[in-house]
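Each chain is listed here by its residues.
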Amino acid sequence: MTAQTTVPSLLSRTGAVSVLTLAALGGTMLVPGATSEAEAATRAAKALKIAASKEGSPYRWGATGPHRFDCSGLTLYSYKKAGKKLPRTAQQQYNNSRHIAPSERRKGDLVFFHWGNSVYHVGIYAGRGKIWHSPKTGALVRLERIWTQSVMYGRVN
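Residues take numbers from 1 onward in each chain, read along the sequence in its written order. Two thresholds apply to this predicted model, a pLDDT of at least 70 for residue-level local features and 80 or more for giving and counting side-chain atom pairs, whereas whole-chain, interface and lining totals are computed over all residues. The side-chain values count all of the structure's non-hydrogen atoms but skip hydrogen atoms and water molecules.

Undergrad: In this structure, what is going on with the overall build of the chain? I would like to understand it.
TA: Helix and strand definitions follow DSSP, with helices as H or I runs of at least four residues and strands as E runs of at least two, each counted in order from the N terminus. Helix and strand content of the chain: four helices and six strands. Traced from its N-terminal end to its C-terminal end, the chain shows the element sequence α-α-α-α-β-β-β-β-β-β. Each residue gets one of three labels from its accessible area relative to the maximum for its type: buried under 20%, exposed over 50%, partly exposed in between, using a 1.4 Å probe on protein chains only. Of all 157 residues assigned to the chain, the portion counted as buried reaches 40%. For this analysis, residues touch if any pair of their heavy atoms sits within 4.5 Å. Taking the contacts inside the chain whose residues are at least 6 apart along the sequence as the reference set, 53% of them involve residues at least 24 apart. Accessible area of the chain: about 9,400 Å², with a carbon and sulfur share of 55%. Residue exposure ignores everything except the shown protein chains as possible cover, and the areas themselves are Shrake-Rupley values with a 1.4 Å probe.

Undergrad: Can you help me understand the environment of Tyr 125 in this one?
TA: The residue Tyr 125 is located in strand E3 (residues 118–127) in this model. Residues Tyr 125 and Tyr 153, spaced 28 residues apart in sequence, show a C-alpha to C-alpha distance of 8.8 Å. Residues in contact with Tyr 125, not counting those within four places in the same chain, are Leu 48, Arg 105, Arg 106, Lys 107, Gly 108, Asp 109, Val 111, Lys 130, Ile 131, Ile 146 and Tyr 153. In this structure the side chain of Tyr 125 is engaged in a polar contact, spanning 3.3 Å, whose partner is the backbone nitrogen of Arg 128. Within 3.5 Å is the distance limit for a polar contact, defined as a pair of N or O atoms, with the added protein rule that one can donate a hydrogen and the other accept it, and that residues adjacent in sequence qualify only through two side-chain atoms.

Undergrad: Explanation requested: the sheet that holds strand E4 (residues 130–133) in the structure shown.
TA: As a general point, the strands of a sheet are linked pairwise by backbone hydrogen bonds and lie either parallel or antiparallel. Pairing between two strands requires that DSSP report at least two bridges joining them. An order of E1-E6-E2-E3-E4-E5 is seen for the six strands of this open sheet, with the pairing classed as antiparallel. On the outer flanks of this sheet lie strand E1 (98–100) and strand E5 (142–145), each paired with one strand and no other. Averaged over all pairs of adjacent strands, the angle between their axes in this sheet comes to 45°, without regard to strand direction. Looking at chain direction, E4 and E5 are connected through four bridges and run antiparallel. Bridge pairing in E5 places Trp 132 opposite Leu 143. In this analysis an axis means a line fitted to C-alpha atoms, helices contributing only their contacting stretch, and an angle means the value between N-to-C directions, from 0 to 180 degrees. Sheet strands touched by helix H2 (residues 37–53): E1, E3, E4 and strand E6 (151–155). Its angle to E3, the strand with the most contacts, is close to 95°. Along the sheet face, helix H3 (residues 71–81) touches strand E2 (110–115), E3 and E4 and points at about 45° away from the line of E3.

Undergrad: Got a minute to help me understand the confidence of the model for the chain in this structure?
TA: Detailed reading of the predicted coordinates is not advisable wherever pLDDT is low. The predictor attaches a confidence to each residue, called pLDDT, with possible values from 0 through 100. On average, the chain scores 85 in pLDDT, and the residues at 70 or more come to 78%. Considering only residues more than four positions removed or in separate chains, one finds that residues 1–31, a stretch of pLDDT under 50, has 28 contacts.

Undergrad: Where do I start with the environment of Gly 129 in this structure?
TA: With respect to the element layout, Gly 129 can be found in the loop between E3 and E4. Residues Gly 129 and Arg 105, 24 residues apart in the sequence, show an inter-C-alpha distance of 10.0 Å. Beyond its immediate stretch of four places on either side in the chain, Gly 129 contacts Arg 105, Glu 144, Arg 145 and Ile 146.

Here it is in structure tokens:
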């Protein structure tokens, strides 16, 4: 669901209305490319559920599903199925997410593992300090406790 202009009768002859006037009267405006917080939360919940449904799928470097995944391939696949396109690599996903504080994290946010400024791994936050991820060669998609403090969080809008 995207926010829309709900007070069309307020438009002037030129077709414009100020944002302040619209806000004062309880209207909303459509902003190109913007996603409401509710829509983003719903999408994140769907992506989390999709990632969880891939439990047991084998890791494969460069794989984006539907049966094999690398770490960013799992996040890309999960969000794509939930209706949002993400870039391919963990670093690109970090660069294109809204960075949030650990205290603001919620289920469905992306968890980025880093060494200095370099992001090397990504998973989807599942709550209670755990992530769904595709960890490494020979491993399967699984739910696992976050094992380090060297993480950053990103929200997909």
